[in-house]
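Residue-level structure breakdown
Now for the letters of each chain:
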Amino acid sequence: MRPLRVAIFASGTGSNARTLIEKAQALGETLEISFVLSDKATAPVLKKAEELGVRTYLVEKKLDRQNHEQAILNILREHRIDWIFLAGYMRLLSGTFLRQFALWHGDASQIVNIHPSLLPAYPGAEAIARAYQDRVSHTGVTVHFVDEGMDTGKIIHQEALSLSPEASLADWKEMIHRLEHRMYSNFLESLSLGQQKTFYFEENQ
Ligand code: GRF
């Protein structure tokens, strides 16, 4: 069996991307991060990936959404990608994109995202800061499948964290990001162990 091929999409810092790459490298032959793709030329994630020896693609949205997504689909097909991990990718994917990617994998949904809240609470940007402002007694992290909506896809796994209202926002962010890194790399590992059903890219595409 060939290694599972994973692509990471990210627009920002890339701490989750880095953790996923390091985890994949530790897992050995079973799984590879084939590339990191970003839509932002200035995203620090690009440098992080390159330093770890992972190929990067910059696909900026210069034209309309359809052309942008088609350019991405071409790269995914070229690499025969099995799974996509969104890690701070600041764009929604269209139904057309999701359907095309699923068609290459027995119609299975194999795109996941990580979000720093207990969805459906606090979807969208600045989730940690908004929860902090509300001084919620606990928050957490969600790994979920991706659909067309903003953080609305089927939930795979959630973990809660109790956070002190006296702690700073920076403390909250640090604890939540640490939990994200653990949860996302555990999910990656579950793929490599075959604990999560995977449809490989159908080679006749
Ligand atoms: C993370 O909080 C992730 O949950 C959210 O975007 C952030 C990305 O952070 N979707 P990083 O770029 O991985 O450090």
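Let me begin by describing the structure that accompanies this report.

Rules of the game
- Residues numbered from 1 in each chain as written.
- Predicted model: local features only at pLDDT ≥ 70, side-chain atom pairs only at ≥ 80, totals over all residues.
- Heavy atoms only, no water.
- Helix = DSSP H or I, 4+ residues; strand = E, 2+ residues; numbered from the N terminus.
- Rg over C-alpha atoms; globule rule 2.2 N^0.38 Å.
- Buried < 20%, exposed > 50% of the residue type's maximum accessible area, 1.4 Å probe, protein only.
- Contact = heavy atoms within 4.5 Å.
- Areas by Shrake-Rupley, 256 points an atom, 1.4 Å probe, with all protein chains shown as cover.
- Pairing = 2+ DSSP bridges.
- Axes fitted to C-alpha atoms, helices over the stretch in contact; angles between N-to-C directions.
- Core = buried A, V, L, I, M, F, W, Y, C linked by side-chain atoms within 4.5 Å.
- Arc of directions from axis to C-beta.
- Expected span 1.5 Å × (residues − 1).

1. A look at the overall build of the chain
Within the chain, the secondary structure is distributed over 6 helices and 7 strands. The C-alpha radius of gyration of the chain comes to 17 Å, within 12% of the 17 Å expected for a compact globule of 205 residues. Dimensions along the principal axes, computed over C-alpha positions, put the chain at roughly 55 × 40 × 35 Å. The buried share of the chain, taken over its 205 residues, is 50%. Looking at the chain alone, contacts between residues at least 24 apart form 69% of all its contacts between residues at least 6 apart. Approximately 10,100 Å² of the chain is accessible, and the part contributed by carbon and sulfur atoms is 51%.

2. Examining the sheet that holds strand β3 (residues 56-58)
The strand order β3-β2-β1-β4-β5-β6-β7 describes an open sheet built from 7 strands, whose pairing is mixed. Two strands lie at the open edges of the sheet, namely β3 and β7 (155-162), each paired on one side alone. Strand-to-strand twist in this sheet, taken as the mean axis angle between neighbours without regard to direction, amounts to 20°. The sheet contacts of helix α2 (residues 44-51) involve β2 (31-38) and β3, and relative to β3 the element is tilted by about 155°. On top of the sheet, helix α6 (residues 169-192) reaches β1 (4-9), β2, β4 (83-86), β5 (111-115), β6 (138-145) and β7; it is set at about 30° to β6, its chief contact.

3. A word on the nonpolar core
By size, the foremost hydrophobic cluster in this structure holds 41 residues, and its most contacted members are I8, I33, W83 and F85. Element by element, the count of residues in this core is highest for α6, at 8 residues. Counting residues in each nonpolar core, the second largest holds 22 residues, with F9, Y89, V146 and F201 among its members.

4. Things to note about α2
All of the buried residues along α2 are V45, L46, K48 and A49. Along the long axis of α2, the arc covered by the buried residues comes to 165°, so they all point the same way. In α2, the exposed positions that point more than 90 degrees away from the buried face belong to K47 and E51. At its buried positions, α2 is contacted by α1 (15-27), β2 and β3. Count one or two residues on from α2 and you reach G53, which has phi positive near 80°.

5. Some thoughts on α1
Residues separated by three or four positions in an α-helix point in the same direction, a consequence of the helix having 3.6 residues per turn. With 13 residues, α1 should reach 18 Å at 1.5 Å per residue; the first-to-last C-alpha distance of 18 Å fits that figure. By the burial criterion, the buried members of α1 are S15, N16, A17, T19, L20, I21 and A24. Directly beyond the C-terminal end of α1, a positive phi value near 85° is found at G28.

6. Topic: the environment of D134
Secondary-structure assignment places D134 in the loop between α5 (127-133) and β6. Sequence separation between D134 and R55 is 79 residues; the distance between their C-alpha atoms is 40 Å.

Scope: geometric values only; no functional claims are made or implied.
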